[in-house]
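The lines below spell out each chain.
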Amino acid sequence: MSNTDVIAATATASGRGGIGVVRVSGGGLADFAFALLGKAPKPRVATLSNFLAADGNTIDQGVALFFPAPHSYTGEDVLELQGHGGDAVLRMVLGRCLELGARPAEPGEFTKRAFLNNKMDLAQAESVADLIDAATTEAAKSAMRSLRGEFSGAIHLLVESLINLRMLVEATLDFPEEEVDFIAEANAFGQLAAIRAQLGEVFRQARQGSLLREGAHVALIGQPNVGKSSLLNQLAGEEVAIVTPVAGTTRDAIRQHIEIEGVPLHFIDTAGLRETEDEVEKIGIARAWCAIRQANVALLLVDATQGVAPADLEIIAALPPGLPLLRVFNKIDLLEREPGSSGVDGVTDVYLSAKTGAGVDLLHQQLLRMVGWHGGGEGAFMARARHLKALGEAEGRLVLAEACKGRIELFAEELRLAQLALSSITGEFTADDLLGEIFSRFCIGK
Amino acid sequence: MLYPTLFDVIVIGGGHAGAEAALASARMGMKTLLLTHNIETLGQMSCNPSIGGIGKGHLVKEVDALGGAMAAATDEAGIQFRILNSSKGPAVRATRAQADRVLYRQAIRGRLENQPNLWLFQQAVDDLLLEQNRVVGVVTQLGLRFRASTVVLTAGTFLAGLVHVGLSNYKAGRAGDPPSITLAHRLRELALPVKRFKTGTPPRIDGRTLDYSVMEEQPGDNPAPAFSFLGDPSLHPRQLPCWITHTNQRTHEIIRGGLDRSPLYTGVIAGVGPRYCPSIEDKITRFSSKDSHQIFVEPEGLGTHEIYPNGISTSLPFDVQVDLVRSIRGFESAHITRPGYAIEYDYFDPVGLKHSLETKAIQGLFFAGQINGTTGYEEAAAQGLLAGINAARAAQGKDAWYPARDQAYIGVMVDDLITRGVVEPYRMFTSRAEYRLLLREDNADLRLTEEGRGLGVIDDKRWRHFEAKREAIAAEQERLKSTWVNPRLLPQKEAERVLGKNIEHEYSLLDLLRRPDVDYQNLMTLPGVGPGVSNAEVSEQVEIQAKYQGYISRQLEEIARHQHYETMALPSDLDYREVHGLSIEGQHKLNQHKPETLGQAARISGVTPAAISVLLVHLKRAEQDIKTTSNKKSA
Ligand SMILES: Nc1nc2c(ncn2[C@@H]2O[C@H](COP(=O)(O)OP(=O)(O)OP(=O)(O)O)[C@@H](O)[C@H]2O)c(=O)[nH]1
Ligand SMILES: [Mg+2]
């Protein structure tokens, strides 16, 4: 892989702040670096340097970092130029690199090269993609952790324990004439319990990471005029929806992306649910139900001055089974009631005023709890939906394994499949689907 | 002299691989010559006198399902039969037999002598006749030249064999036979990748000098099972028990005291031995905390007093062997009839083979058995059968045939060998098979016999037997599916007796049989349900297929998912150095292995998922190139 062409790109996306970096990668960059910097950069040492134009004038001044192959991010020679100037200057530095023979990198091409040079496994490579499009700062933090291989590390540890257990089981099956009962001797079933706990913890952290990346969908529903649009405006901190005293104001569903403690929540304000002859409102109500079916949580607004009406009970009965429900009693300012929240029998109630904002902080807490956020991005792995699926599958296998402890060859089979599921994350036993996803993600083999 | 008869297939070697290869080729109608250096040792069991075991029994059943001789010969020679793992489930259940060496040799020789299209000739082979890179025959010790379309080499441990007892060694094949030195030299000249392994045997003992009263008796199963699908326990000769005793601290001290004269521990032996079948000196050195090791005292046959103490294979000097043997309980006054020894031998890196077991280097030359780095009679027989079939097919101008990994242990073994190579003598284990639940002993015939019929290795008798069994299974499955048990017509006592509890609604018999705790014979005793089928093989098959249906269909789904890669062919002339984006290691490994499919490439160690995606890209690109060129042409 020494004769690859030179690619260059700015490494921080424009408009997101931070230091602008131009990154260059390719085979044999020493001459390239000399032409650009006017001196030979020391490997792996940050040096203050001028970035020179073709005529020898300085374009910008900044830090140059040179990583000779193979000890670099991509496994090739890599040159990183951290400039001080803004976007315009950054573009000039990049332009100079292109003049010197580099071509603009395709999206994800650095990662692709790193991947092809065995610099990272699949989980790590995918984290890089996550890093590229991580929308929130929390997500960026979590993506970093996973990039350092912590997620892979945790999975590897799990797989190791599993391999250890499988070893015992397989030994029992393949060596029946040995005097040792491998399974009893090493407390194999105790090991299974430990692995299940271990997997549960990774799963929990992975769910957190996935929540940070993907967020959750919250539907604001209820009868007309209960204050759904008002609440949306209050949560968003701006007037995104029209509010009037007229029942049936909202027709088209209104979507708003709101971050609460760094967790991206996708709110959708819907038309008030009621029997109506109005053609437009009918369509709005149909859309509301559509939004409800896609939601992770339903926020049912109730006018606190009216209390829970039969119409509200009808709505509750029509909700998809299993959809978590939060009841919001709005307009407490009219009752001069204090904000509050309670959770009884799995039903969570919040008392607030969309108008004054009293009690909205309580709603925040209850919402985060309901989408499964355990606070702080610290323990979160940047897991993708596919990882969660694999972890879930592995977990399911281990449950089945538990159930057939007495039938040892089936026990062995479930363990094998659990391992298969896990290793599909780190890419050790690649499956076709996985590659399909990677190919759609990175510009490999166009 | 050029021998006047022109053969289709020549098989070199009359061991377990050679016998099956020659028989298969001859069954397929090919004029076949079996060359052996000694007709008296055809079918010789040179190591322990037993056939089968976990994984190995599976291979034997598959060889049998393809018309091979090993299981049938064992039925005629077996002096003890046992089903191992019988409580652990049908997939890992396996048959194992002790065999009388003499009877086994007779059974094999009889089959070879009576097989139409098969000629035997006693003469050591010294050289291969080559035309360019294609084999056209062989040359024997006397300079006789035999010509054939294809040649199967099954030289076992005879290639450059070197026997060690203590620090002295001499050139030999197994069990006192001469080694094939000239041929080994010749093969080395042909630039085939040669490496060296070692294996060993224990000293043999005169059974009359043993005290069995202090040993634990290990009887065979009663009734004894038959090994062959066509077999019958009535074919078995008189049955004998085995015995179990143990080494002790004193044995271990004696061994430690002799290590300075051990060829293993003084570096005289360079070849790699199997980790799962270590010599006794290896065991006590590597597992020094264990103060006792098990020894199976196995009779060598009905007509001899010799016994085989399985578990104390050794190459220690003879004086140490005498002391260590006599330190064992029951062996205090044992007389050794033959010293134990280690043997080093040449094998060829199987990475140089195709799935058909044809060498990539020399067209028409097939390798089977221990020369491919495997160990065991069963592994040898299975390869011999496959090589024989493919040598015959090549002689007929037909494509290679081999079973897939999901179809047979034979497929698993061959794929493992040629894809991963070997780092120690290769032995079959059930854990090597990812589709273990499908690859059972009990369904080996259902997996392979029909295909064997198409290949021409299944005779009419076996075919009729198989068809009858298959039809009986289908008929009984149909009956169980369409017979319903009505809860109102079922007395509660009967339901509790057979099903454990009352049923809440109507069930078919097949549904009831799926329940883990309902057994077929018992189910047949429900009023109005029986009598069921009397053939135990049929009812067993019906029961297993019902109970394992969920697992079986899931494995079938898994197979279907992988099928895609397995069918993506990689060109054999592809130079991986030219594949853009492959790491140096990847290029090297792939050029070394030249995998036949992408699936096989993915199984090569050192070939990363990244490399596979690069290959996918490469294949896709090549495909597009072909498309665009052909479009241009047609435009
Ligand atoms: N006093 C008081 N009035 C509120 C509160 N929330 C909403 N309102 C009023 O209730 C009326 C309806 O509010 P909206 O937010 O439009 O209600 P909605 O549920 O979106 O109604 P539709 O879109 O018609 O279904 C408006 O006049 C709001 O000003 C509140 O917390 N206190
Ligand atoms: Mg509204």
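It should be noted that the structure appears before, not after, this text.
As a starting point, this report considers the structure included with it. (Residues numbered from 1 in each chain as written. Chains lettered and ligands numbered in written order. Predicted model: local features only at pLDDT ≥ 70, side-chain atom pairs only at ≥ 80, totals over all residues. Heavy atoms only, no water.)

**Details of the overall build of chain B**
For the record, the criterion: A run of DSSP states H or I qualifies as a helix once it reaches four residues; a run of E qualifies as a strand once it reaches two. Both are numbered from the N-terminal end. The globule rule used for comparison is 2.2 Å times the number of residues to the exponent 0.38, while the radius of gyration itself is calculated over C-alpha atoms. Burial here depends on accessible area, computed with a 1.4 Å probe over protein chains only, as a share of the maximum for the residue type. Under 20% is buried, over 50% is exposed, and the range in between is partly exposed.
Counting its secondary structure elements, chain B contains 20 helices and 22 strands. The C-alpha radius of gyration computed for chain B amounts to 27 Å, which stays within 12% of the reference 26 Å derived for 635 residues, consistent with globular compactness. Seen through its principal axes, chain B has C-alpha atoms that stretch 90 × 80 × 55 Å. Expressed as a percentage of its 635 residues, the buried residues of chain B come to 59%.

**Comments concerning the coordination of the magnesium ion (ligand 2)**
Residues and elements named next belong to chain A. We count it as follows: We call an atom a donor if it is N, O or S and sits within 2.8 Å of the metal, or 3.2 Å for Na, K and Ca. Water is not counted, so some sites may look partial.
In this structure, Ser229 (OG) and Thr250 (OG1) serve as the protein donors to the magnesium ion (ligand 2), at separations of 2.0 to 2.1 Å. One end of the pair, Ser229, is in helix α9 (residues 228-236); the other, Thr250, is in the loop between α9 and β8 (254-260), with 21 residues separating them in the sequence. Exposure class is identical for Ser229 and Thr250. Each is buried.

**Overview of the site of ligand 1**
Residue and element names in this part refer to chain A. Inclusion rule: Note on definitions. A residue lies near a molecule or strand when any single heavy atom of the residue is within 4 Å of it. Definition of a polar contact: a pair of N or O atoms within 3.5 Å, with one able to donate and the other able to accept a hydrogen when the atoms are protein atoms, and with sequence-neighbouring residues admitted only if both atoms are side-chain atoms. Areas reported here follow the Shrake-Rupley algorithm with a probe of radius 1.4 Å; residue values treat only the protein chains shown as occluding. Classification convention: Asp, Glu, Lys, Arg as charged; Ala, Val, Leu, Ile, Met, Phe, Trp, Tyr, Cys, Pro as nonpolar; all other residues, Gly among them, as polar.
As a matter of local geometry, ligand 1 sits amid 23 residues, with Asn225, Ser230, Gly248, Thr249 and Thr250 nearest to it. In this structure, Lys228 approaches ligand 1 through a side-chain N or O atom, which is 2.9 Å from an oxygen atom. Between ligand 1 and Ser230 there is a distance of 2.6 Å, counted from an oxygen atom to a side-chain nitrogen or oxygen. Protein contacts shield 90% of the accessible area of ligand 1, which totals 640 Å² for the unbound molecule. Those elements giving two or more residues to the shell around ligand 1 turn out to be α9 and α12 (332-335). Looking at which element gives the most residues to the shell around ligand 1, the answer is α9, with three residues. Among the residues forming the shell around ligand 1, the class breakdown is eight nonpolar, 11 polar and four charged.

**Re the sheet that holds strand β10 (residues 297-303) of chain A**
Residues and elements named next belong to chain A. We count it as follows: Between any two strands, pairing holds if DSSP finds at least two bridges. The convention used is that axes are lines fitted to C-alpha atoms, helices contributing only their stretch in contact, and that angles between N-to-C directions extend from 0 to 180 degrees.
Pairing is mixed in the open sheet, where seven strands are placed in the order β8-β9-β7-β10-β11-β13-β12. Lying at the two open borders of the sheet, with one neighbouring strand each, are β8 and β12 (340-344). Taking the axes of each pair of neighbouring strands and ignoring which way they run, one obtains an average angle of 25° across the sheet. Relative to strand β11 (residues 325-330), β10 runs parallel, the two sharing six bridges. Bridge pairing in β11 links Val302 to Phe329.

**Details of the pattern of salt bridges**
Residue and element names in this part refer to chain B. The line we're drawing: In what follows, salt bridge is the name for a side-chain nitrogen of Lys or Arg lying within 4 Å of a carboxyl oxygen of Asp or Glu.
Per the counting criterion, the structure on display carries 48 salt bridges over all chains. Taking the shortest distance from any N to any O, the salt bridge between Arg111 and Glu76 comes out at 2.7 Å. Of this pair, Arg111 sits in helix α4 (residues 101-114) while Glu76 is found in helix α3 (residues 70-77), placing the two residues 35 residues apart along the sequence. One salt-bridge network, in which partners are shared between bridges, spans Arg405, Asp415, Asp416, Arg420, Glu434, Glu566 and Arg603.

**A short note on the packing of α9(A) against helix α13 (residues 360-371) of chain A**
All names here are of chain A. Put simply, the rule is: Roughly parallel means an angle under 35 degrees; roughly antiparallel means over 145; roughly perpendicular covers 65 to 115; every other angle is labelled oblique. Contact definition: two residues touch when any of their heavy atoms are within 4.5 Å.
Orientation of α9 relative to α13, taken along the N-to-C sense of each, is 85°, at an axis distance of 11 Å. By the angle class used here, α9 and α13 are roughly perpendicular. Residue-level contacts link Leu231, Gln234 and Leu235 of α9 to Val360, Leu363 and His364 of α13. A class-by-class count of the residues in the contact of α9 with α13 yields four nonpolar, two polar and no charged.

**A few points about the packing of aromatic side chains**
Residue and element names in this part refer to chain B. The cut-off we apply is this: Working definition: rings of Phe, Tyr and Trp (its six-membered ring) pair if their centres are within 6.5 Å, and the pair is stacked with planes under 30 degrees apart, edge-to-face with planes over 60 apart, and tilted otherwise.
Overall, the coordinates contain 11 aromatic pairs over all chains when judged by the stated rule. On the numbers, 6.0 Å between centres and 65° between planes, the contact of Phe7 with Trp119 is edge-to-face. Here Trp119 lies in strand β6 (residues 118-122) and Phe7 lies in strand β1 (residues 2-12), a separation of 112 residues in the sequence. Judged by relative accessible area, Phe7 falls into the buried class, the value being 2%.

**Considering the environment of B:Glu537**
Residues and elements named next belong to chain B. Checked against the element boundaries, Glu537 lands in helix α16 (residues 536-547). Taking C-alpha positions, Glu537 is 27 Å from Arg27, a pair spaced 510 residues apart along the chain. In this structure Glu537 touches Phe229 and Lys469, once residues within four positions along its chain are discounted.

**Description of the sheet that holds strand β17 (residues 306-310) of chain B**
Residues and elements named next belong to chain B. In space, the six strands of this open sheet follow the order β14-β15-β16-β17-β13-β18, with antiparallel pairing throughout. Each having just a single partner strand, β14 (216-218) and β18 (336-338) make up the two edges of the open sheet. Averaged over all pairs of adjacent strands, the angle between their axes in this sheet comes to 35°, without regard to strand direction. Here strand β16 (residues 294-299) runs beside β17; their pairing, made up of four bridges, is antiparallel. Within the sheet, the bridge partner assigned to Val297 lies in β17 and is Pro309.

**Concerning the environment of B:Glu379**
Residue and element names in this part refer to chain B. Relative to the helices and strands, Glu379 is located in helix α9 (residues 377-395). Taking the C-alpha atoms as reference points, Glu379 and Tyr409, separated by 30 residues in sequence, lie 9.6 Å from one another. Among residues more than four places away in sequence, those in contact with Glu379 are Lys56, Leu59, Thr374, Met413, Tyr426, Arg427 and Met428. Here Met428 takes part through its backbone nitrogen, which lies 2.8 Å from a polar atom of the side chain of Glu379.

**Notes on a negative patch on the surface**
Residue and element names in this part refer to chain A. So the rule is basically this: A patch is a set of surface residues, each over 30% in relative accessible area and not in a salt bridge, joined within 9 Å for like charges and within 5 Å for the nonpolar side chains Val, Leu, Ile, Met, Phe, Trp and Tyr. In this tally Asp and Glu are treated as negative and Lys and Arg as positive; neither His nor the chain ends contributes. In plain terms, the charge of a residue is placed at NZ if it is Lys, CZ if Arg, CG if Asp and CD if Glu.
Together, Glu275, Glu277, Glu279 and Glu314 make up a region of like negative charge exposed at the surface. Looking at the secondary structure, you find Glu279 in helix α10 (residues 279-294). Judged by relative accessible area, Glu279 falls into the exposed class, the value being 56%.

**Section: unusual backbone geometry**
The peptide bond linking A:Ala69 to A:Pro70 adopts the cis configuration, its omega dihedral lying at 0°. Among the secondary structure elements, A:Pro70 is positioned in the loop between β4 (58-67) and β5 (77-83). Backbone torsion omega between B:Asn222 and B:Pro223 reads 0°, so that peptide bond is classified as cis. Here B:Pro223 is to be found in the loop between β14 and β15 (242-246). Even without being a glycine, A:Asn225 presents a positive backbone phi close to 70°.

**Description of the environment of A:Glu414**
Within the secondary structure, A:Glu414 is located in helix α15 (residues 408-426). Using a relative accessible area of 1% as the deciding quantity, one classes A:Glu414 as buried. As a C-alpha pair, A:Glu414 and A:Ala286 span 128 residues in sequence and 44 Å in three-dimensional space. Among all residues touching A:Glu414, those that are not within four sequence positions of it are A:Arg397, A:Leu400, A:Ala401, A:Cys404, B:Tyr551 and B:Arg554.

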